[in-house]
Amino acid sequence: MDGPDIERFGARAEAMLEELAAISEEPDRLTRRFLTPEHKRAAHLVGQWMAEAGMSVAEDALGTVRGHYGREGEAAGSNAVPRLLIGSHIDTVINAGKYDGMLGVVAGILAIEHFRDRNQRFGFAIDVLAFGDEEGSRFPTVLSSSAAVAGAFEDRWLPGLDVDGIALDQAMRDYGLDPQAVAAAALPREEALAYVEVHIEQGPVLEHQDAPLGVVTSIAGQFRTRVTVRGMAGHAGTVPMAMRQDALVAASEMVISAEAIARAHPEAAMVATVGTMKVMPGAANVVPDIVEFVLDLRASSDPPRFKALAEFTHRVEKIAAARGCTVTLETYHDCATAACAPWLQDGFARSLETLGLPAPRLVSGAGHDGQAMSKLTDFAMLFVRCKGGISHNPVEFASVRDMGLAVAALIRFIEDFDPARRH
Ligand code: GLV
Ligand code: MN
Ligand code: MN
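Rules of the game
- Residues numbered from 1 in each chain as written.
- Chains lettered and ligands numbered in written order.
- Predicted model: local features only at pLDDT ≥ 70, side-chain atom pairs only at ≥ 80, totals over all residues.
- Heavy atoms only, no water.
- Donors = N, O, S within 2.8 Å, 3.2 Å for Na, K, Ca; no water.
- Helix = DSSP H or I, 4+ residues; strand = E, 2+ residues; numbered from the N terminus.
- Buried < 20%, exposed > 50% of the residue type's maximum accessible area, 1.4 Å probe, protein only.
- Axes fitted to C-alpha atoms, helices over the stretch in contact; angles between N-to-C directions.
- Parallel < 35°, antiparallel > 145°, perpendicular 65-115°, else oblique.
- Left-handed = near helix turned anticlockwise from the far one by under 90°.
- Contact = heavy atoms within 4.5 Å.
- Salt bridge = Lys/Arg side-chain N within 4 Å of Asp/Glu carboxyl O.
- Near = heavy atom within 4 Å.
- Polar contact = N/O pair within 3.5 Å; in protein donor to acceptor, adjacent residues only side chain to side chain.
- Nonpolar A, V, L, I, M, F, W, Y, C, P; charged D, E, K, R; others polar.
- 1 Å grid on protein atoms, 1.4 Å probe; cavity = no way out; pocket = protein on both sides within 12 Å on 5 of 7 lines; lining within 4 Å.
- Points joined across faces, edges and corners; volume = space filled by probe spheres on them.

A.B. asks: Help me understand the coordination of the manganese ion (ligand 3) in this model?
C.D. replies: Angles between donor atoms at a metal ideally measure 109.5 degrees for a four-coordinate tetrahedral arrangement and either 90 or 180 degrees for a six-coordinate octahedral one. Summarising the metal site, the manganese ion (ligand 3) is bound by the protein donors D100 (OD), E135 (OE), E135 (OE) and H392 (NE2), whose distances to it range over 2.0 to 2.6 Å. Between consecutive donor residues of the manganese ion (ligand 3), the sequence gaps follow D-x34-E-x256-H. The two metals, the manganese ion (ligand 3) and the manganese ion (ligand 2), are separated by 3.5 Å and share D100 as a common coordinating residue. In this pair, D100 is assigned in the loop between strand 3 (83-89) and helix 3 (102-117) and H392 in the loop between strand 15 (379-384) and helix 11 (400-416), connecting sequence segments 292 residues apart. Among the residues examined, H392 registers a relative accessible area of 41% and is labelled partly exposed.

Structure follows, in structure tokens:
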């Protein structure tokens, strides 16, 4: 593998990401939520690329596109074989950039294409997985598609509603999937050798260290908690201020208290975000009676995260009571801090060294499918520098050269991959 190969990988990745980014629910910005017709179109395109790269392609009950590259001597159509899993996601946040998730899927496909072109097979099979629910931007689920592959899907997620009142199981049927078939998506433990993922960093560390790529050590744990505040609706012109039970003012205080709690724990890299809120009944001249918002709370280890949620719960109850409101909390996503396996981290570090690159190690504040896949098998991640550390924003950017290096590093990692190192 030389310089021109790296440039070519990068240019191919860029072109494929452009093509995927054109598939959006909205005309002027990239939004592609789980199980929408646009998710289906993107999944179809990815499946086509996988087939062109020499993989057999299947779709599971959650719409995950699964490309299979057989091991040395493997008969076509055989399944129960040990495999290295490579993946990422093709769903996006609302008004997304084009690299988050998609780069990892494209990198896996380009690596397989490289092996197919050289007739190179290994003592293990390789599956490339394109998940659809990493962002959790549609239903009250996060990582449900990777959880299904890991055998950790929870049936209680099926009735969860999107903003239009469509349940997850209904959306699966509308997409052409069978909610009864979720269990069959689970991969037997003995078939999964490891899960690895290439992803943009979504933070500033690599850029700051002048390193194109980095090796992830762990992924921060995360809660998503739906908070519902109930007060009393009233006339905006007549209800005196002292007599109001305004659910939005109470919710606003709650948001500020979440910020204060997170700011008090920089040692745990704690972050709290309220990025979505529904105000009801939603009229300019009505005192709001019901407000729903979601608290996204993360920390680099689990005990401070649990303590922070307990403190938040205590504070919101006090805030609600002081304003004549009530509050209920429902945590629908509780994802533990997940450590990347040292033997896989070392594998990525070796691959970077063979490319003459530094191999800095870093923690991921962002969530990833690896957290769900860690319930099935060891996992690791390779991060790619992104401009200004900006992500979840249309200006998200990774250079062609850095993406080319990431594909080259993934190829080296696979060539050097030896499941015997696991123990
Ligand atoms: C996914 O990008 C997340 O970290 O929320
Ligand atoms: Mn992502
Ligand atoms: Mn994301």
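Having seen the structure, we can now continue with the description.
A.B. asks: Mind showing me how you'd approach the packing of helix 3 against helix 11 here?
C.D. replies: Two measures define how a pair of helices packs: the angle their axes make with one another and the distance between the axes. With their axes 9 Å apart at the nearest point, helix 3 and helix 11 run at an angle of 55° to one another. Judged on the interaxial angle alone, helix 11 and helix 3 are oblique. Between helix 3 and helix 11 lies a crossing of right-handed hand. Contacts between helix 3 and helix 11 pair L103, A107, G108, L110, A111, H114 and F115 from the former with M403, V407, L410, I411, I414 and E415 from the latter.

A.B. asks: I keep staring at the coordination of the manganese ion (ligand 2) and nothing clicks. Help me out?
C.D. replies: Each protein donor to the manganese ion (ligand 2) is listed here as H89 (NE2), D100 (OD) and H199 (NE2); together their distances run 2.1 to 2.3 Å. Read from N- to C-terminus, the donor residues coordinating the manganese ion (ligand 2) fall into the pattern H-x10-D-x98-H.

A.B. asks: When you look at the pattern of salt bridges in this model, what are you seeing that I'm missing?
C.D. replies: Where charged atoms from two side chains of opposite charge come close, those side chains can pair. In this structure the tally under the stated criterion is 27 salt bridges. Across the salt bridge formed by K98 and E14, the nearest N and O atoms sit 3.2 Å from each other. With K98 in the loop between strand 3 and helix 3 and E14 in helix 1 (residues 3-21), this residue pair connects regions lying 84 residues apart in the sequence. Of the two residues, K98 and E14, both sit in the buried class. Note that R66 is salt-bridged to D60, the shortest N-O span being 2.7 Å. Comparing R66 with D60 shows no difference in burial state: the two are buried. Three or more residues joined by partner-sharing salt bridges are found here, namely E14, E18 and K98.

A.B. asks: When you look at the site of ligand 1 in this model, what are you seeing that I'm missing?
C.D. replies: E134, E135, R224, R298, A366, G367 and H392 make up every residue found near ligand 1. Interatomic distance of 2.6 Å between a side-chain N/O atom of R298 and an oxygen atom of ligand 1. Note that an oxygen atom of ligand 1 is positioned 3.1 Å from one of the side-chain N or O atoms of H392. Looking at the shell around ligand 1 residue by residue, the class counts come to one nonpolar, two polar and four charged.

A.B. asks: Looking at this structure, how should I read the layout of surface pockets?
C.D. replies: Over the atoms, a rolling probe the size of a water molecule traces out where space has been left empty. Of the volumes computed, that of the second largest pocket is approximately 380 Å³. In terms of lining residues, the second largest pocket is bounded by 20 residues, among which A58, R66, N79, R83 and D127 are the most central. Top contributing element to the lining of the second largest pocket by residue count: strand 1 (residues 56-59), with four residues. Split by residue class, the lining of the second largest pocket holds eight nonpolar, six polar and six charged.

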